[in-house]
Amino acid sequence: MHQSHMLIDGEQVISLSRKTEIIYNPSNQEPVAEVAVGSRQDACLALEAAKRAFLIWSATSCQERAIILHSAADLVRKRVDGIAVLLTLEMGKPLRNARMEVLSSADVLDYYAEEGKRNCGEWISSSHSRSIVLRQPVGVAALITPWNFPVDLLAWKVAPALASGCTFVAKPPSLAPLAATEFVRAVIDAGLPAGAANVVHGPGSTVGAELVENPISRKIAFTGETETGRWIMAHAAAHIKRLSLELGGQSPFIVCADSDLQAAAAAAAQRAFSNMGQICISVNRIYVAQEVAEPFTEELVRRAERMKIGDGMQTDVDLGPMFSRMLRERTKEHVADAIEKGAELLTGGEEPVGEAYERGYFYRPTVLDNADHRMMVMREETFGPVAPIMKFKTLDDAIALANDTEYGLAAYVFTNDLKTALSAAERLEAGGIGVNINNVVDLQAPFGGWKESGLGRELGRYGLEAYLETKHIRLGM
Ligand code: NDP
């Protein structure tokens, strides 16, 4: 069985308490790995190591840092097969998708290797002085991440942190720490000074809390649930820490009457069901113009029924299991609530039948018609493969419905009219708007949420800025 150690001060270590836990495969409940489980004391050791290493790493030039980050990207690519298998075994996603995730994390390292070189200051002339503005690394960063994209979402933090000159302590999700730890191990092996990159395993309530509360960390970058983000924000306030929060979503998908219905249905199916709907920018609510509702819905159902479900290690599956029993129970609860309040179940709504599915958390992609805003699926983040459909009469109605949520991460609109597209995009309350596309993530562009979906931005040059402090040096003339 794979053994996963913590990474502290350049060493692979077990925890001070020697505690370990077994990670199980959500496809079949078989044990995958034994993991060292840390405590607050282990987190402190890692923070202290990162603090010592900050003196060394922050003094390197951006060119030196770029060389190491590019080497790290190469190493991640060389190790992609091993890391991707761990990712599939620990969280269930098909191996093909796991490989894509790991390779895209290597691209993030390459991108920030170069973006770090563009950290330029300013020169300002005044009547009695000259001002130099420097952007300097904020210090030790605590990076706390969830299980749905445990490698990619960590790479979004690791790469800009290191490129800016910060050191870090990462806390991967307790139930899926394996691939993330191997990713950081590759980054360390590329030649980082000891202690510049650390990984501590263990519960969010202790290890995560220590990273948030300990004054050594000057910056918290967190992806996870809105409730956890709220807790982190409150506790980070004690030391006025810098915060990046990528939180939950409840993304609307608007299909206008003039849109390419085949393309819209394909895009909706993919974004509602891939990763079993366990994506923060998943399509959660579909609003379709009433005059095209029938053909759109038929095509969506057809696509849902065509998706192959199975163990992620099989080469031909589109969808793996859900991550946990709890998530599948919540999905069932949301579907039952919708049906009770008048929604029509068009497909799915149950576990697939057969021996291959008996021991895993499988669930069929589900389409519900006649949904409305009284239903949990339309208000809460289901984090399951469910696509509820509601018809609309006018675009104004659709936008009002789309904005009727406390979340604001992503929103999508499909139309062939430029004016409609721009009008909708300007009025939708979300950090990312997909027009005729079902993904608002682009490595070079800002990603983040409005309202209770988050604070700050990752990716692009914005991602680097999140790890920099501004300093004004005034020269008297
Ligand atoms: P959680 O908030 O439960 O956990 C995320 C991470 O935070 C885990 O490592 C967890 O540790 C840790 N944690 C938990 N409590 C604390 C605490 N008090 N202090 C510090 N750390 C803590 O989220 P999930 O893992 O359930 O992830 C799913 C959520 O993530 C969804 O809401 C989804 O929308 C959101 N998400 C947002 C994205 C975005 O970019 N906006 C992208 C992807 C997901 P442990 O594992 O031990 O509980």
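Residues numbered from 1 in each chain as written. Predicted model: local features only at pLDDT ≥ 70, side-chain atom pairs only at ≥ 80, totals over all residues. Heavy atoms only, no water.

Glancing now at the sheet that holds strand 21 (residues 468–476). As summarised here, the arrangement of the three strands in space is 6-7-21, forming an open sheet in which the pairing is antiparallel. Looking at which strands have only one partner, the edges of the open sheet turn out to be strand 6 (122–125) and strand 21. Looking at each pair of strands side by side, their axes are set apart by 20° on average, direction ignored. With four bridges joining them, strand 6 and strand 7 (residues 129–137) adopt antiparallel strand pairing. Paired with Glu 122 across the two strands is Val 133, which belongs to strand 7. (Pairing = 2+ DSSP bridges. Helix = DSSP H or I, 4+ residues; strand = E, 2+ residues; numbered from the N terminus. Axes fitted to C-alpha atoms, helices over the stretch in contact; angles between N-to-C directions.)

Next up on the list: empty space enclosed by the protein. Counting across every chain of the model gives three cavities of 30 Å³ or more. The volume enclosed by the largest cavity comes to roughly 60 Å³. Pro 252, Ala 402, Ala 410, Glu 429 and Ala 430 are, among the 15 residues lining the largest cavity, the residues nearest its centre. Counting only elements with at least two residues in the lining of the largest cavity, the list comes to strand 13 (251–255), helix 13 (395–403) and strand 18 (410–414). The residue makeup of the lining of the largest cavity, split by class, is eight nonpolar, five polar and two charged. Its boundaries defined by the atoms lining it, the second largest cavity holds a volume of some 40 Å³. Met 91, Gly 92, Lys 93, Pro 94, Asn 275, Met 276, Gln 278, Asp 318, Leu 319, Gly 320 and Pro 321 are the residues that line the second largest cavity. Its residues assigned to classes, the lining of the second largest cavity comprises five nonpolar, four polar and two charged. Counting contributing residues per domain, the lining of the second largest cavity is built from domain 1 (2–247 + 453–476) and domain 2 (251–442), each supplying no fewer than three. (1 Å grid on protein atoms, 1.4 Å probe; cavity = no way out; pocket = protein on both sides within 12 Å on 5 of 7 lines; lining within 4 Å. Points joined across faces, edges and corners; volume = space filled by probe spheres on them. Nonpolar A, V, L, I, M, F, W, Y, C, P; charged D, E, K, R; others polar. Domains from an automatic or database assignment.)

Residues in a regular strand point their side chains to alternate faces of the sheet. Extensive coverage of strand 12 (residues 242–246) is indicated by the burial of four of its five residues. Where strand 11 (residues 217–223) and strand 12 come together, five bridges link them in parallel fashion. Its bridge partner being in strand 12, Phe 222 is matched across the sheet by Leu 245. For the segment spanning strand 11, helix 8 (residues 226–236) and strand 12, crossover handedness is right-handed. The pairing of strand 12 with strand 20 (residues 454–455) spans two bridges and is classified as antiparallel. Each residue of the ladder has a partner; that of Leu 245, found in strand 20, is Leu 455. (Buried < 20%, exposed > 50% of the residue type's maximum accessible area, 1.4 Å probe, protein only. Right-handed = clockwise from strand over helix to strand, strands pointing away.)

Of note, Ile 240 is a non-glycine position whose phi angle comes to about 45°, a positive value. For Ile 240, the location among the structural elements is in the loop between helix 8 and strand 12. A positive phi angle, close to 70°, is found at Leu 459, a residue other than glycine. Locating Leu 459 in the fold gives a position in the loop between strand 20 and helix 15 (460–465).

For helix 2 (residues 62–78), with 17 residues, the first-to-last C-alpha span of 24 Å sits near the 24 Å given by 1.5 Å per residue. Buried within helix 2 are the following residues: Arg 65, Ala 66, Ile 68, Leu 69, Ala 72, Ala 73, Leu 75 and Val 76. Its buried side turned inward, helix 2 meets helix 1 (40–57), helix 3 (80–91), helix 4 (95–115), helix 5 (152–164) and helix 6 (178–189). (Expected span 1.5 Å × (residues − 1). Contact = heavy atoms within 4.5 Å.)

So, about the sheet that holds strand 1 (residues 2–4). If you walk across this open sheet you meet the three strands as 1-5-4, and the pairing is mixed. Among the strands making up the open sheet, the edge pair consists of strand 1 and strand 4 (20–24). Pairs of neighbouring strands in the sheet enclose a mean axial angle of 25°, with direction left out of account. In this sheet, strand 5 (residues 31–36) lies alongside strand 4 in antiparallel orientation, the contact comprising five bridges. Across the sheet, Glu 21 pairs through a bridge with Val 35, a residue of strand 5. On top of the sheet, helix 6 reaches strand 1, strand 4 and strand 5; it is set at about 70° to strand 1, its chief contact.

Next up on the list: the nonpolar core. Within the largest apolar cluster, 131 residues are counted, with the highest numbers of intra-cluster contacts made by Leu 109, Phe 183, Ile 254, Ile 286 and Phe 296. Residue contributions to this core reach at least three from each of two domains, namely domain 1 (2–247 + 453–476) and domain 2 (251–442). What Phe 183 contacts, discounting residues up to four positions off in sequence, is Val 76, Ile 83, Ser 105, Leu 109, Val 151, Leu 154, Ala 155 and Val 158. If you look at the next biggest cluster of nonpolar residues, it comprises 23 residues, including Ala 36, Ala 46, Val 140 and Val 169. (Core = buried A, V, L, I, M, F, W, Y, C linked by side-chain atoms within 4.5 Å.)

Further remarks concern the domain arrangement of the protein chain. Domain parsing of the protein chain yields domain 1 (2–247 + 453–476) and domain 2 (251–442). Computed from C-alpha coordinates alone, the two centres of domain 1 and domain 2 are separated by 31 Å. Taken residue by residue, the interface counts 28 residues in domain 1 and 27 residues in domain 2. The contact between domain 1 and domain 2 buries some 2,200 Å² in all, and 57% of this surface belongs to carbon and sulfur atoms. (Buried area = accessible area lost by both parts, 1.4 Å probe.)

What follows covers the site of the ligand. Surveying the vicinity of the ligand reveals 31 residues, the closest of which are Ser 174, Thr 228, Leu 247, Cys 280 and Glu 381. Between Glu 225 and the ligand, the recorded distance is 2.9 Å, taken from a backbone N or O atom to an oxygen atom. At 2.7 Å, a side-chain N or O of Thr 228 approaches an oxygen atom of the ligand. For the ligand, the accessible surface in isolation is 910 Å², of which the surrounding protein chains cover 88%. Under a 2 Å grid-point criterion requiring more than half of the atoms, the pocket assigned to the ligand is the largest pocket. Taken together, the residues of the shell around the ligand break down into 16 nonpolar, 11 polar and four charged. Per-domain counts for the shell around the ligand show at least three residues from each of domain 1 (2–247 + 453–476) and domain 2 (251–442). (Near = heavy atom within 4 Å. Polar contact = N/O pair within 3.5 Å; in protein donor to acceptor, adjacent residues only side chain to side chain. Areas by Shrake-Rupley, 256 points an atom, 1.4 Å probe, with all protein chains shown as cover. Sits in = over half its atoms within 2 Å of the grid points.)

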